[in-house]
Amino acid sequence: MANKNEVMNYSLKEFDHLFFEFSNKKNDSSLVLTKQEFYNYTIKIAAFSDRLAKLYPKDKETAELSKKKWFAESYQDYLLSKASHK
């Protein structure tokens, strides 16, 4: 709940920073995110979809699909992808 409240107040610029920070960390071969770090990012990104749906009602369906995608992200899959890149 705290993450959702925080993210609902993000500007698009703050969200972009969060998204790219996660993407860079996720793709950094020398870094492995903890389970908590990984889900902290994915939950915040998913929660921002609610904000987008409110700001852009025409894109509500797209925002909902994005939210579901981010909630479906798996830490186990992330670890497997890290292992396969070594």
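Structure: above.
Rules behind the numbers
- Residues numbered from 1 in each chain as written.
- Predicted model: local features only at pLDDT ≥ 70, side-chain atom pairs only at ≥ 80, totals over all residues.
- Heavy atoms only, no water.
- Helix = DSSP H or I, 4+ residues; strand = E, 2+ residues; numbered from the N terminus.
- Buried < 20%, exposed > 50% of the residue type's maximum accessible area, 1.4 Å probe, protein only.
- Contact = heavy atoms within 4.5 Å.
- Areas by Shrake-Rupley, 256 points an atom, 1.4 Å probe, with all protein chains shown as cover.
- Arc of directions from axis to C-beta.
- Polar contact = N/O pair within 3.5 Å; in protein donor to acceptor, adjacent residues only side chain to side chain.

Colleague: Any chance you could break down the overall build of the protein chain for me, citing the residues and the numbers?
Modeller: Helices and strands together make up the secondary structure of the protein chain, namely five helices and zero strands. With respect to the principal axes defined by its C-alpha atoms, the protein chain has extents near 45 × 20 × 20 Å. Going through the 86 residues of the protein chain one by one, you find that 29% of them count as buried. Sequence-distant contacts in the protein chain: of pairs separated by 6 or more residues, those separated by 24 or more amount to 74%. In the structure as shown, the protein chain presents an accessible area of about 6,100 Å², 55% of it carried by carbon and sulfur atoms.

Colleague: Explain helix 5 (residues 75-84) residue by residue, including any values.
Modeller: Regarding helix 5, the residues found buried are Tyr75, Tyr78 and Lys82. Buried residues in helix 5, looked at end-on, bunch into an arc of 55 degrees, giving them a common side. Structural note: helix 5 exposes Asp77, Leu80 and Ser84 on the side pointing more than 90 degrees away from its buried face. Between the side-chain oxygen at the start of helix 5 and the backbone nitrogen of Gln76 there is a gap of 3.2 Å, and the oxygen is on Ser74.

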